[in-house]
Amino acid sequence: MSSAPSRTSPLVGRVLRGIVWAVIFAVIAVGAAGLVGQAWHAPGSPSRAELTYAGDVALDQRLDAATDQLKLIVANVDLLATEAKTALEEIASADPAVLRESLQRGDEIAATIDISTRALRDSVSTLPGDSPGAVIEYSNASLVRRAAIVTATGAAASLAAEWQQVTGRALDGAQLTTLIADHDHKVVDAIAQGRGRHYAEAIPILDDAILTVGEVVTLRKRLIAGSEQTVLDEWINRTGGYDIALKALYGALDKSGGVVTVEVQSARRAERLAFDRLPPDRRTIILIVAEVARCGLTQAVLAIEEAHSRIDEALAEAR
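Keep in mind the model is a prediction, meaning the values are calculated, not measured.

**Q** Tell me about helix α6 (residues 159-195), residues and numbers included.
**A** The terminal C-alpha atoms of α6 lie 54 Å apart, and with 37 residues this matches the ideal 54 Å at 1.5 Å per residue to within 8%. Note on α6: the residue one or two positions beyond its end, R197, has a positive phi of about 65 degrees.

Structure below.
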């Protein structure tokens, strides 16, 4: 009986020692987990700044230079947007000189933007930071700046093409108003000849006016896509119809020697009907030009503004 306690004591001791070691292992495991958490940081996090410092310094220096170039480009984009709006406003002007001067200034600005953008694009194309391991070599902030610069450069690269659309549409619009004004002057001259009973002289002038309407038709095909009826089509149909009717009247009068015959009366009725269908005043021309602008010029101006906004947003991220 006296030997029982001595046999149970070693067993109890072993159990207690096991518990103690279990506690020790748990403490060590928890401490090790904390050490691992402190030693490991996600790529691009601020905790890894010392690991990406050298790469960030080298990349940021080039990004700073690219940002400065972009700021100069943006200054020229501001000027280009102003000239585009001027072209939109002056397209229906009676004096095309203002429009031509604005387009010429815009051409020079667009050329400067194009040259600057090409140089920047060449520089950006060699920027480091696009390799699969970039997230390890550079901080997230530097990579975001790089992406913003690339985006802004792409937006700036489209501006020269957008300006070409502005130029083309503005010149076509100006030509349209010039053709319409030229046509009206010819018809007025022909009518003056008719009132002077010089019917034979009036007919070739009207032939020129009819040819001018044909030039407007050609320009319409270039300016307006599709075959849907427009205000310009109405002008073409009504004005062209009147020119033909007036020419027929003068032809009948020339044939009759100015005597009012049945043929002259019939031609006169057709001319009056065609005259009543003519646009009432110059506001119709303004509507025509506005329609042409809506079909391309306005979109080109808005595209320049959109590119400007994209560059501004990218610059805000690149700072």
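**Q** Would you mind going over the nonpolar core in detail, with residue names and values included?
**A** Core analysis: the biggest nonpolar cluster contains 56 residues, and L70, W163, V166, L176, I304 and I311 have the highest contact counts within it. Looking at this core, the elements that each hand over two or more residues are α2 (49-90), α3 (96-125), α5 (140-157), α6, α7 (199-223), α8 (231-256) and α10 (283-318). The biggest single contributor to this core is α10, with twelve residues. Those residues in contact with L176, other than ones at most four positions away along the chain, are V216, L219, L223, L232, I288 and V292.

**Q** So what's going on with the environment of T284? Residues and values would help.
**A** Within the element layout of this structure, T284 appears in helix α10. What makes T284 buried here is its relative accessible area of 15%. Taking the C-alpha atoms as reference, T284 lies 8.2 Å from W235; in sequence the two are 49 residues apart.

**Q** Provide a residue-level description of unusual backbone geometry, including the pertinent values.
**A** Positive phi outside glycine occurs at R197, with the angle close to 65 degrees. Positionally, R197 belongs in the loop between α6 and α7. Owing to a relative accessible area of 53%, R197 belongs among the exposed residues under this scheme.

**Q** Help me get a handle on the confidence of the model for the chain, residues and values and all.
**A** Chain-level pLDDT for the chain is 81 on average; 82% of the residues reach the 70-or-more range. In the model of the chain, helix α1 (residues 4-39) stands out as the element of lowest mean pLDDT, 49, in contrast to helix α9 (residues 262-276), which has the highest, 96. Below a pLDDT of 50 lies the segment residues 1-8, which in the model reaches zero contacts outside its immediate sequence neighbourhood of four places, other chains included. For the stretch residues 27-45, pLDDT sits under 50, and the model shows nine contacts to residues farther than four places along the chain or on other chains.

**Q** Can you tell me about the pattern of salt bridges, naming the residues and giving the values?
**A** A full pass over the atoms with the stated rule returns 13 salt bridges. Between E305 and K85 there is a salt bridge; the shortest N-O distance is 3.3 Å. Of this pair, E305 sits in helix α10 while K85 sits in helix α2, and the two are 220 residues apart along the sequence. Given the relative accessible area of 25%, E305 is considered partly exposed. Using a relative accessible area of 42% as the deciding quantity, one classes K85 as partly exposed. The residue R118 makes a salt bridge to D114 at a minimum N-O spacing of 3.1 Å. One end of the pair is R118 and the other is D114, both in helix α3 and four residues apart, which spans about a single turn. One connected set of salt bridges, linked through shared partners, spans D60, D64 and R145.

Rules of the game
Residues numbered from 1 in each chain as written. Predicted model: local features only at pLDDT ≥ 70, side-chain atom pairs only at ≥ 80, totals over all residues. Heavy atoms only, no water. Helix = DSSP H or I, 4+ residues; strand = E, 2+ residues; numbered from the N terminus. Expected span 1.5 Å × (residues − 1). Core = buried A, V, L, I, M, F, W, Y, C linked by side-chain atoms within 4.5 Å. Buried < 20%, exposed > 50% of the residue type's maximum accessible area, 1.4 Å probe, protein only. Contact = heavy atoms within 4.5 Å. pLDDT = per-residue confidence, 0-100. Salt bridge = Lys/Arg side-chain N within 4 Å of Asp/Glu carboxyl O.

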